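Chain by chain, the residues run as shown.
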Amino acid sequence: MTNSLPIMAEIWQQTLNWQPTDEQQARFQQLYELILDGNRQLNLTRITEPQEFWEKHLWDSLRGTAPQQKFISSLETGASVIDIGTGAGFPGVPIAMIAPNSQITLVDSTRKKIAFIDKILNELGINHAQTLVSRAEEIGQQPQHREKYDIALIRAVGNASVCAEYTLPLLKKNGLAVIYRGTWTDEETTALEDAVKQLGGEIESIEQFFTPVSNSIRHCLYLRKIATTPAKFPRAVGVPTQKPL
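As the structure is a prediction and not an experimental result, all values here were calculated from the model.

Draft legend 1. Quick peek at the nonpolar core. Membership of the largest hydrophobic core comes to 48 residues, with the highest contact counts inside it found for Trp12, Phe28, Leu31 and Val93. A per-element tally of this core places helix α2 (residues 22-39) first, with six residues. Those residues in contact with Trp12, other than ones at most four positions away along the chain, are Ile7, Asn17, Trp18, Gln19, Pro20, Phe28, Trp54, Leu58, Trp59 and Leu62. Counting residues in hydrophobic clusters, the runner-up holds 26 residues, among them Val162, Ala177, Trp184 and Phe233.

Draft legend 2. Region of interest: the state of the cysteines. Across all of its chains, the model carries zero disulfides by this definition. For the unlinked cysteine Cys163, the closest cysteine sulfur is that of Cys220, found at 11 Å. Residue class for Cys163 comes out buried when judged on its relative accessible area of 0%.

Draft legend 3. Molecular detail of the environment of Leu168. Tracing the backbone shows Leu168 in the loop between α8 (160-167) and β5 (171-181). The spacing of Leu168 and Leu121 is 47 residues in sequence and 26 Å in space, taken between C-alpha atoms. Leaving out residues up to four positions away in the same chain, Leu168 has contacts with Val196, Leu199, Gly201, Leu223, Lys225 and Thr229.

Draft legend 4. The arrangement of the pairing of strand β3 (residues 129-133) in detail. The pairing of strand β2 (residues 103-108) with β3 spans five bridges and is classified as parallel. In the strand pairing of β3, Leu106 is matched with Thr131. A crossover links β2 with its parallel partner β3, the connecting element being helix α6 (residues 111-124), and its sense is right-handed.

Draft legend 5. Layout of the environment of Gln24. Relative to the helices and strands, Gln24 resides in helix α2. For Gln24, a relative accessible area of 17% translates into the label buried. When the C-alpha positions of Gln24 and Ile47 are compared, they lie 21 Å apart, and in sequence the two are 23 residues distant. Ignoring sequence-local partners within four residues, the contact set of Gln24 consists of Trp18, Gln19, Met97 and Ile98.

Draft legend 6. Main features of the pairing of β2. Extensive coverage of β2 is indicated by the burial of five of its six residues. As defined by bridge partners, strand β1 (residues 80-84) adjoins β2 across five bridges and the pair is classed as parallel. Residue pairing in the sheet places Ile84 in a bridge with Val107 of β2. Assessed by its sense of winding, the connection that carries the chain from β1 through helix α5 (residues 92-98) to β2 is right-handed.

Draft legend 7. Representation of the packing of α2 against helix α3 (residues 50-63) in the model. At their nearest, the axes of α2 and α3 sit 12 Å apart, and the two run at 115 degrees to each other. Where α2 crosses over α3, the handedness of that crossing is right-handed. For the pair α2 and α3, contact is made by Phe28, Leu31, Tyr32 and Ile35 and by Pro50, Phe53, Leu58 and Leu62, respectively.

Draft legend 8. Structural detail: the layout of surface pockets. Counted as a void, the largest pocket has a volume near 800 Å³. Taken together, 36 residues line the largest pocket, and the ones lying closest to its centre are Gly85, Phe90, Arg155, Ala156 and Val157. Split by residue class, the lining of the largest pocket holds 13 nonpolar, 12 polar and 11 charged.

Draft legend 9. Molecular detail of the packing of aromatic side chains. Evaluation of the coordinates by the stated rule reveals six aromatic pairs. Judged by centre distance (5.3 Å) and plane angle (75 degrees), the rings of Trp12 and Trp54 are edge-to-face. A residue pair is termed long-range when its members are at least 10 positions apart, and Trp12 in helix α1 (residues 9-16) and Trp54 in helix α3 qualify at 42 residues. Here Trp12 and Trp54 have matching classes, each one buried. In textbook terms, an aromatic cluster arises when at least three aromatic residues are bridged by ring pairs, as seen for Trp12, Trp18, Phe28 and Trp54.

The rules behind each value
- Residues numbered from 1 in each chain as written.
- Predicted model: local features only at pLDDT ≥ 70, side-chain atom pairs only at ≥ 80, totals over all residues.
- Heavy atoms only, no water.
- Core = buried A, V, L, I, M, F, W, Y, C linked by side-chain atoms within 4.5 Å.
- Buried < 20%, exposed > 50% of the residue type's maximum accessible area, 1.4 Å probe, protein only.
- Helix = DSSP H or I, 4+ residues; strand = E, 2+ residues; numbered from the N terminus.
- Contact = heavy atoms within 4.5 Å.
- Disulfide = S-S within 2.5 Å.
- Pairing = 2+ DSSP bridges.
- Right-handed = clockwise from strand over helix to strand, strands pointing away.
- Axes fitted to C-alpha atoms, helices over the stretch in contact; angles between N-to-C directions.
- Left-handed = near helix turned anticlockwise from the far one by under 90°.
- 1 Å grid on protein atoms, 1.4 Å probe; cavity = no way out; pocket = protein on both sides within 12 Å on 5 of 7 lines; lining within 4 Å.
- Points joined across faces, edges and corners; volume = space filled by probe spheres on them.
- Nonpolar A, V, L, I, M, F, W, Y, C, P; charged D, E, K, R; others polar.
- Phe/Tyr/Trp six-rings, centres within 6.5 Å; stacked < 30°, edge-to-face > 60°.

Here it is as structure tokens:
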């Protein structure tokens, strides 16, 4: 017996002003089954129970794009998106599933995880996403990636200043970085402001919300790229985490 994901149409509609079509719902189910299957070989996620998976992987991934109505429409019309440290493919794969006109690049430094995501993309027939085995510090200095993306997503990676240093160099001017967090404090905002300024960005907004099933607190930080990032950023592999800005 396969575990079935909950439909949650009303919650999708209330929280995102959007809900999956029957076809998208079927593909979410397929993604869930592929992840459960992959989890047997690779330790991809501890979140395997259907409702928890729906909330913490699907809903949470897409909720990051919600408050920026312009953002959702740019995904629909077509944006270049990069997901850094994608792990089991979140938030990038669910976003690719609802944004067929966008180009999505999924980056992780673990080859096995990327090989697994390649399999998922193939099984789901997603041909507008590509994968990359690399580190954010490396691609941030490569001309084919630096300042090339409209949107950079980063979830469950390092502290926020480190996330800013990973994402902002990859964004075009006026691009948007979305940093997914759990809890967040005003002190962290103050520390982040300084780092973001050094990287050519500004904090556009910080949104606090609660997950619809377990009522857990979440934050999304939206950083806007307003100037060219100085060439020294991102610093060499490991330096951002050892010495955050």
